[in-house]
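# Observations on chain architecture
Residue-level listing of the chains:
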Amino acid sequence: MGRFVFYLVLLGGIAYGGLYFYYGIAIKQGIEAEFAERGFDAVEVTGVEYGPLAPVSRDAEIATSIAYRGAEATLEIRLDGHPLFSDEVNIQLDGLQALRLTLGGGN
């Protein structure tokens, strides 16, 4: 019985790890698509951070690092809906955490 529970917990952990990883990819693609719809095709999402329970909830707060033509910013984004299991996902800009500008970058 103990082995069965161990393997069941191990299998659940592996499944949740895969869901957690794929959730980040889906969020990154969704945010890049939102920027592209608004004419910011050059925006690149360089990082996405979210809580450990975000992949199993319908709403989440996400910290996203973006780069756009020499400027880097960290945005707080509010996500309503699940990017993997919902038909409609609402992505809202919640705030700006940090802004870094590169002026006159040398070689």
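Use the structure listed above.
For the structure given in this document, a descriptive report is provided here. Here the structure is a predicted model, which is why all the values come from computation and not from measurement. (Residues numbered from 1 in each chain as written. Predicted model: local features only at pLDDT ≥ 70, side-chain atom pairs only at ≥ 80, totals over all residues. Heavy atoms only, no water.)

### Details of unusual backbone geometry
- A positive phi is found at Arg69, a non-glycine position, where the angle reads about 50 degrees.
- Residue placement: Arg69 occurs in the loop between strand S2 (59-68) and strand S3 (71-80).
- Given a relative accessible area of 71%, Arg69 falls into the exposed group. (Helix = DSSP H or I, 4+ residues; strand = E, 2+ residues; numbered from the N terminus. Buried < 20%, exposed > 50% of the residue type's maximum accessible area, 1.4 Å probe, protein only.)

### Let's talk about the packing of aromatic side chains
- Applying the stated criterion across every chain yields a total of 6 aromatic pairs.
- Ring plane angle 40 degrees and centroid distance 6.3 Å describe the contact between Tyr16 and Tyr20, whose orientation is recorded as tilted. Placement of the pair is Tyr16 and Tyr20 together in helix H1 (residues 2-37), with a separation of 4 residues, close to one helical turn.
- Note on Tyr16: relative accessible area 29%, which makes it partly exposed.
- Judged by centre distance (4.8 Å) and plane angle (50 degrees), the ring pair of Tyr20 and Tyr50 falls under tilted. Taken together, the residues span a long stretch of sequence, with Tyr20 in helix H1 and Tyr50 in the loop between strand S1 (44-49) and S2 at a distance of 30 residues.
- According to the relative accessible area criterion, Tyr20 is partly exposed, its value standing at 30%.
- Here the aromatic cluster, defined as three or more aromatic residues joined through ring pairs, consists of Tyr16, Tyr20, Tyr23 and Tyr50. (Phe/Tyr/Trp six-rings, centres within 6.5 Å; stacked < 30°, edge-to-face > 60°.)

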